[in-house]
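Survey of secondary and tertiary structure
Single-letter residue listing:
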Amino acid sequence: MQGAASATSLPVASSGAWCWFGGPRALYHEERHRRTYIGYLTAKGEVVIAQYDHDNGRLTRSVVMEHFQVDDHNNPAICVRPDGRVVVFWTGHATNIPLFYRRSVLPEDIDGGWEPIRVITTNSEGPYGWTYTNLAQLSAEPGKLYLFWRGGDFNPNFTTTTGGDQWTGAQPLVLVPGQRPYLKMHSDGRDTIHFAFTQAHPRDVHTSIFYMRYRDGNLYRADGGLIGPLGRPVSPEEADKVYDADVDGNPKSWVWEITADEHGRPVIVYATFPSDDDHHYRYARWTGRRWEDHWITDAGGTISGDPAEPNYSGGVSLDHENPSVVLLSRQRPGQRHEVERWTTRNGGRTWSAEAITSGSSELNVRPFKPVGLRGNGAMSVLWMAGEYPSYTDFRTRIMALGEDGTPFAL
């Protein structure tokens, strides 16, 4: 299958961008309706939620805040609460803009409007404000919602609520004094939250990839070894080291996505950087006894026109419902970044690839499949298309596949 994004194809959003460290930035929910919700930030500073109805093909959009800081780090995270209402969370980028959130008035429907904006002001001490919103809820802890972010001390923190607007004080998750760990997480929706993280920014430190999981009040390594209670700050050395950048001259790395397979075993995709112009994608999975790590493909160079961001790869993510499938954006020599779907049948040792975009005159980057969506139909691949001078000067649209596997047209 090849579906080239063309200039005549209308996107999900004519202006939109997202970073990969907040989420879920898109999710599928099925109860009374079969709907996909997508969050993004426009170049005008609009925080937007789009809703796609899989039964009638209707796509609608709703702006939850206008005139916000134009920075793709600020894209919203989305969840659907037990009462069916859609809740969206967002914040600024390393500023004293607090955490914001809004609930839909109607269950499973953004068309009925939103409740007033609410604010969360709890944070760790430090000058760096709030960055990145990440959400998790577990059926084993009914009504409870976890909200994670990078705090004032540049380290991951979290707060919880049991369903109302009362939030606990900020609590630490990972602590690396003087650095800023980058964290990705995945909730299985039942009893476990998986975390993958670096100890710092790869621009500053020779970064490795670490793993731990939360269950029933405690944090554990992949083999079940106890790290300690949730709320006690974890140092990277206490977690599993999935990729060691300090072994045999391995290059620095940056985490991109984590999920779990049908056995609850974590799977991680990440980028390594033999040089700033030579990015590679890798695939690591826990077998039940050990971590296996495999190279996927070369990825080309940065998508950013800003020389300060040489490690902005085209992007790699996992199908959360089938982690043997990877979505990635790579740049072949002399070409633009293109989106592809890669599949493995043997745990990452070998791969087959199919094009989502090809022959493009613009970037196609940061692909993502909505959490909870199965199959390869409408909305099964979302991505940014356009140009990317910087994270505060993006000129991208949000694209999606339609039912027939071609770019979605309004």
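Data block above holds the structure.
This write-up is about the structure you can find in this document.

The rules we used
Residues numbered from 1 in each chain as written. Predicted model: local features only at pLDDT ≥ 70, side-chain atom pairs only at ≥ 80, totals over all residues. Heavy atoms only, no water. Core = buried A, V, L, I, M, F, W, Y, C linked by side-chain atoms within 4.5 Å. Buried < 20%, exposed > 50% of the residue type's maximum accessible area, 1.4 Å probe, protein only. Helix = DSSP H or I, 4+ residues; strand = E, 2+ residues; numbered from the N terminus. Contact = heavy atoms within 4.5 Å. Pairing = 2+ DSSP bridges. Axes fitted to C-alpha atoms, helices over the stretch in contact; angles between N-to-C directions. Phe/Tyr/Trp six-rings, centres within 6.5 Å; stacked < 30°, edge-to-face > 60°. Polar contact = N/O pair within 3.5 Å; in protein donor to acceptor, adjacent residues only side chain to side chain. Salt bridge = Lys/Arg side-chain N within 4 Å of Asp/Glu carboxyl O.

1. Structural notes on the nonpolar core
With 77 residues, the main nonpolar core has I38, I268, I296 and V326 as its most contacted residues. With six residues, strand β21 (residues 266-275) is the largest single contributor of residues to this core. Non-local contacts of I38, meaning those with residues more than four positions away in its chain, are made with V12, W18, R25, A26, V48, I49, A50, I78, M379 and L382. If you look at the next biggest cluster of nonpolar residues, it comprises 21 residues, including L173, V176, F197 and V234.

2. Notes on the sheet that holds strand β1 (residues 26-30)
The antiparallel open sheet is built from four strands, whose spatial order is β1-β2-β3-β4. Looking at which strands have only one partner, the edges of the open sheet turn out to be β1 and β4 (59-65). Within this sheet the neighbouring strands show an average axis-to-axis angle of 20°, counted without direction.

3. Comments concerning the pairing of β1
Burial analysis of β1 places four of its five residues in the buried class, the great majority of the element. Sheet topology note: the β1/strand β2 (residues 34-41) ladder contains five bridges and is antiparallel. Across the sheet, residue E30 finds its bridge partner in β2, namely R34. Two successive antiparallel strands, β1 and β2, enclose a turn made up of three residues.

4. Topic: the pairing of strand β11 (residues 145-150)
Most of β11 is tucked away: six of the six residues are buried. Neither face of β11 is open: one carries L145, L147 and W149, the other Y146, F148 and R150, and all of them are buried. By the bridge criterion, four bridges tie strand β10 (residues 131-136) to β11 in an arrangement that is antiparallel. Note that in β11 the partner of N134 across the bridge is F148. In terms of strand pairing, β11 meets strand β12 (residues 156-161) through six bridges, oriented antiparallel. Counterpart to L145 in the pairing with β12 is T161. Counted along the chain from β11 to the antiparallel partner β12, the turn is five residues long, and its residue F154 has a positive phi close to 70°.

5. What about the sheet that holds strand β28 (residues 363-368)?
Sheet architecture is open: three strands sit in the order β28-β29-β30, paired in antiparallel fashion. Every interior strand has two partners, whereas the edge strands, β28 and β30 (393-400), have only one. Strand after strand, the sheet turns through a mean of 30° between neighbouring axes, direction not considered. Pairing geometry for strand β29 (residues 382-390) and β30, over seven bridges, is antiparallel. What sits directly across from W383, in β30, is M399.

6. A word on the packing of aromatic side chains
Aromatic rings considered in pairs are described by the distance between their centres and by the relative angle of their planes. Across all of its chains, the model carries 27 aromatic pairs by this definition. Taken together, a centroid distance of 3.8 Å and an interplanar angle of 5° make the contact between Y128 and F154 stacked. Of this pair, Y128 sits in the loop between β9 (118-120) and β10 while F154 is found in the loop between β11 and β12, placing the two residues 26 residues apart along the sequence. The exposure class of Y128 is partly exposed, given its relative accessible area of 34%. When its relative accessible area of 14% is taken as the criterion, F154 is described as buried.

7. As for unusual backbone geometry
The omega angle of the peptide bond from G23 to P24 is 5°, so this bond is cis rather than trans. You can see P24 is positioned in the segment before β1. If you check the backbone angles, H67 has positive phi at about 55° while not being a glycine. For H67, the location among the structural elements is in the loop between β4 and β5 (77-80). In this structure, Y132 takes a positive phi of about 65° despite not being glycine.

8. Focus on the environment of N157
With respect to the secondary-structure elements, N157 resides in strand β12. Residue classification places N157 among the buried positions, given a relative accessible area of 3%. For the pair N157 and W130, spaced 27 residues apart in the sequence, the C-alpha separation amounts to 9.6 Å. What N157 contacts, discounting residues up to four positions off in sequence, is S124, L147, F148, W149, G151, Q171, P172 and L173. Of the polar contacts made by the side chain of N157, one reaches the side chain of S124; its length is 3.2 Å.

9. Considerations on the pattern of salt bridges
Using the criterion set out here, one finds 33 salt bridges in the structure. The shortest N-O distance in the salt bridge between D53 and R35 comes to 3.1 Å. With D53 in strand β3 (residues 47-53) and R35 in strand β2, the pair connects residues that are 18 residues apart, well separated along the chain. On the accessibility criterion, D53 (6% relative accessible area) is buried. Overall, the relative accessible area of 9% leaves R35 in the buried class. Residues participating in the shared-partner salt-bridge network are D83, R85, R103, E115, R118 and D165.

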